[in-house]
Structure formats: structure tokens, C-alpha cells
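Spelled out from the first residue to the last, the chains are:
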Amino acid sequence: MKKLRIDLHNHTYLCNHASGTMQEYIQKAIEFGIDVFGFSCHAPMNFDPKYRMSFEDMIIYENEIFRLQEEFKDKIKILFAYEVDFLEGFIDDKVINKDVDYFIGSVHFIDKWGFDNPEFIGRYDDMDIDDIWQKYFDAISLMAKSGLFDIAGHLDLLKVFKFLPTKDVRLLAKNALKAIKKADMTIEINTAGLRKPIEEIYPSRPLIEEMYELDIPITFGSDAHKIEHIGHGYDEAVSIAKEIGYSKIMTFKNRDKQLLNF
Ligand SMILES: [Zn+2]
Ligand SMILES: [Zn+2]
């Protein structure tokens, strides 16, 4: 029996740091055997506009998704989503009121510091590393408590440049995981970390084990910014999830959830 493949985290050229057309992403996804593919590009916001689509681009993005849904409806299910930055004061109603299939909530900033941007890597020297990690997971907790999102994006993104905590990451993440559970959210197994200095899936295995203990559902995302990212690391993500005990993955339609075998 063919195994179900789901990839719910994919970007587009509209965010100014990704390449390839949206149609090419779909063709690659079909080639790789993906059954459910979600576009979840960086939503516009009035902060750091260089790394996201503009408010004016939303219509182009949405129309192209709807066109592709129709054109490829016999081959692949295409979902409409946004990856939204959880940055207080900058979450925009024009985004959050959209009738999406799901929202990914992600923390890319700690007190407006873009910690995953190599341009600002010097800031890691300014603070105690465990304090940075705690601040990061506190932001994740607030993101979950906001109740605005369906999926928590790349849960331990802060490890991207290998600035790892000295404390046990499971303790640092404890309250964030509880908040995610309480908010009934899903956590993605995101393979982009394999392409980064950390060379590891987000989140790390000990965190996925904690998630499993808490019965938090998972889904998969390649966080593709290039055509060749689609499917990259997928099999590794699946084996880790299965080894830990997961047998179902979450998908979404109009913000309704559905757990499927994978
Ligand atoms: Zn991006
Ligand atoms: Zn992200």
C-alpha cells in the first residue's frame, strides 16, 4: 500500500528569498509522490518586510494557489496557508482573518532580534545562552496561548547555528509544550534543519519524544525555499517519527483537523 505523504510547509518566490515558480513546486511535489501539499509562505507584516511578501502580493499568492488547486485537482491536494511570525504588535488582521486551511505560527524573533538570520549572529554573544533559549520558548508559549495558530513551526529553530543550551532542552521547552497541547495545536517535523549548520531535523529527537508523551499530534514540512528542497529529508523525518511511536499525521482543511495514517 502506498504511504500517505504530506508536506505542509512550503514557501514561494513572493517572500523574496525563495526561488522557482509555484507551478514548479507542485510538479516536483507530484513527482515525489506527495498527496497533500500546503503553500505556507511568509505572511506580510509591517516589520522586516524584506523577507516576506507584501500585503499587495497576497492576492497574487492566493489566486495562484486557487488556480493550481483546480489545474492539479486529480493529482494532488493543494492547501492554502500562511506562516505567520509571532511578533507582538505586528500580527495583522488582514492576514489573521483570512479563510485559510491552516496557519503556521513561528517565532523568528526574540525582542525583534532575527536570531536565525546570519546577519545578526553576533547577538548570541551578548546574552547567556540559556536565557536566550528560555526567552525563545517563552515566546513559543505566548504564540500557543494566542490561540491564533494551528501548527507550531520549527519548534527549536534557535539551534540553527548550533548555539545550544547548557540546560536540558526538555526542561526549557516544558511550558511551551504544555501550552501547545492546551491550544490543541500540531507540531511540524521540519526537515529544513538538515540543510542548516545544525544538520538536524526540527525539533530534535528528545523534544519529539516529549511531544509523543504529551500526545501532541505531528505533521511534516520541508520548509522548501527551492524546488529541490521538496521531499528532502522526508524519509528521515518519517523514520524518526515512527521510531518514537507516531503512526498518524495531521492535515487541515478550512482549519478543520484530520489525522491520517502515514
Ligand atoms: Zn523563509
Ligand atoms: Zn519559518
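Whatever comes next refers back to the structure up there.
Here goes a summary of the coordinates provided. (Residues numbered from 1 in each chain as written. Chains lettered and ligands numbered in written order. Predicted model: local features only at pLDDT ≥ 70, side-chain atom pairs only at ≥ 80, totals over all residues. Heavy atoms only, no water.)

### Comments concerning the overall build of the protein
So, point 1. Assigned secondary structure in the protein consists of eight helices and eleven strands.
So, point 2. At 17 Å, the protein has a C-alpha radius of gyration in line with the 18 Å of a compact globule built from 262 residues.
So, point 3. Taken along its principal axes, the extent of the C-alpha atoms in the protein is 50 × 45 × 30 Å.
So, point 4. Evaluated residue by residue, the protein yields a buried proportion of 54% over its 262 residues.
So, point 5. For the protein, contacts bridging at least 24 residues in sequence account for 74% of all contacts bridging at least 6.
So, point 6. Within the structure as shown, the protein displays about 11700 Å² of accessible surface, and the carbon and sulfur contribution to it stands at 50%.
So, point 7. Looking at charge distribution, the protein has the averaged site of its 33 positive side-chain charges lying 3 Å from that of its 45 negative ones. (Helix = DSSP H or I, 4+ residues; strand = E, 2+ residues; numbered from the N terminus. Rg over C-alpha atoms; globule rule 2.2 N^0.38 Å. Buried < 20%, exposed > 50% of the residue type's maximum accessible area, 1.4 Å probe, protein only. Contact = heavy atoms within 4.5 Å. Areas by Shrake-Rupley, 256 points an atom, 1.4 Å probe, with all protein chains shown as cover. Lys, Arg positive; Asp, Glu negative; His and termini not counted. Charge placed at Lys NZ, Arg CZ, Asp CG, Glu CD.)

### Notes on the side chain of Asn190
So, point 1. Within the secondary structure layout, Asn190 lies in strand E8 (residues 186-190).
So, point 2. Here the side chain of Asn190 touches Glu188 through a polar contact of 2.9 Å, side chain to side chain.
So, point 3. Setting aside residues up to four positions removed in sequence, Asn190 forms contacts with His9, His154, Ile201, Tyr202, Gly221 and Asp223. (Polar contact = N/O pair within 3.5 Å; in protein donor to acceptor, adjacent residues only side chain to side chain.)

### Quick word on the coordination of the zinc ion (ligand 2)
Around a metal, the idealised angle for a tetrahedral arrangement of four donor atoms is 109.5 degrees; for an octahedral arrangement of six donor atoms it is 90 or 180 degrees.
So, point 1. Protein coordination of the zinc ion (ligand 2) is provided by Glu83 (OE), His108 (NE2) and His154 (NE2), with donor distances spanning 2.1 to 2.3 Å.
So, point 2. For the zinc ion (ligand 2), all donor residues lie on one chain, and their spacing in sequence is E-x24-H-x45-H.
So, point 3. A separation of 5.6 Å is found between the zinc ion (ligand 2) and the zinc ion (ligand 1). With Glu83 in strand E3 (residues 77-85) and His108 in the loop between strand E4 (102-106) and strand E5 (109-110), this pair connects stretches of sequence that are 25 residues apart. One exposure class covers both Glu83 and His108, and it is buried. (Donors = N, O, S within 2.8 Å, 3.2 Å for Na, K, Ca; no water.)

### Some thoughts on empty space enclosed by the protein
So, point 1. Enumeration over the complete set of coordinates arrives at one cavity of 30 Å³ or more.
So, point 2. Each pocket or cavity is described by its volume, and for the largest cavity that value is around 50 Å³.
So, point 3. Along its surface, the largest cavity is lined by Ala43, Pro44, Met45, Val84, Asp85, Phe90, Ile91, Asp92, Val95 and Ile96.
So, point 4. When contributions to the lining of the largest cavity are tallied by element, the ones reaching two or more residues are E3 and helix H3 (93-96).
So, point 5. Looking at the lining of the largest cavity residue by residue, the classes come out as eight nonpolar, no polar and two charged. (1 Å grid on protein atoms, 1.4 Å probe; cavity = no way out; pocket = protein on both sides within 12 Å on 5 of 7 lines; lining within 4 Å. Points joined across faces, edges and corners; volume = space filled by probe spheres on them. Nonpolar A, V, L, I, M, F, W, Y, C, P; charged D, E, K, R; others polar.)

### Quick look at the coordination of the zinc ion (ligand 1)
So, point 1. At 2.0 to 2.1 Å from the zinc ion (ligand 1) lie its protein donor atoms, namely His17 (NE2), His42 (NE2) and His225 (NE2).
So, point 2. The sequence pattern formed by the donor residues of the zinc ion (ligand 1) is H-x24-H-x182-H.
So, point 3. Taking the relative accessible area as the measure of exposure, His42 reaches 8% and is therefore buried.

### Description of the nonpolar core
So, point 1. Residues Phe39, Tyr61, Tyr82, Phe137, Met211 and Phe220 are the most contacted members of the largest nonpolar core, which totals 91 residues.
So, point 2. No other element matches helix H4 (residues 129-145), which puts nine residues into this core.
So, point 3. Filtering out sequence-adjacent residues up to four positions away, Tyr61 remains in contact with Thr12, Leu14, Met22, Phe39, Ser40, Cys41, Met53, Phe80, Ala81 and Tyr82. (Core = buried A, V, L, I, M, F, W, Y, C linked by side-chain atoms within 4.5 Å.)

### Focus: the pairing of E3
Walk down a regular strand and you will see the side chains alternate between the two sheet faces.
So, point 1. Most of E3 is tucked away, with eight of its nine residues classed as buried.
So, point 2. Pairing geometry for strand E2 (residues 36-42) and E3, over seven bridges, is parallel. Along E3, the bridge assignment pairs Phe39 with Phe80. (Pairing = 2+ DSSP bridges.)

### Some details on the pattern of salt bridges
Opposite charge on two side chains lets them pair, provided their charged atoms get close.
So, point 1. For the structure shown, the criterion picks out 17 salt bridges.
So, point 2. Ionic pairing is found between Asp85 and Arg52, a salt bridge with its closest N-O pair at 3.0 Å. Of the two residues, Asp85 sits in strand E3 while Arg52 sits in the loop between E2 and helix H2 (58-71), which places them 33 residues apart along the sequence.
So, point 3. Judged by its relative accessible area of 3%, Arg52 is buried.
So, point 4. Between Arg67 and Glu71 there is a salt bridge, and its shortest N-O distance comes to 2.7 Å. Highlighted residues: Arg67 and Glu71, both in helix H2, separated by four residues, approximately one helical turn.
So, point 5. For Glu71, a relative accessible area of 44% translates into the label partly exposed. (Salt bridge = Lys/Arg side-chain N within 4 Å of Asp/Glu carboxyl O.)

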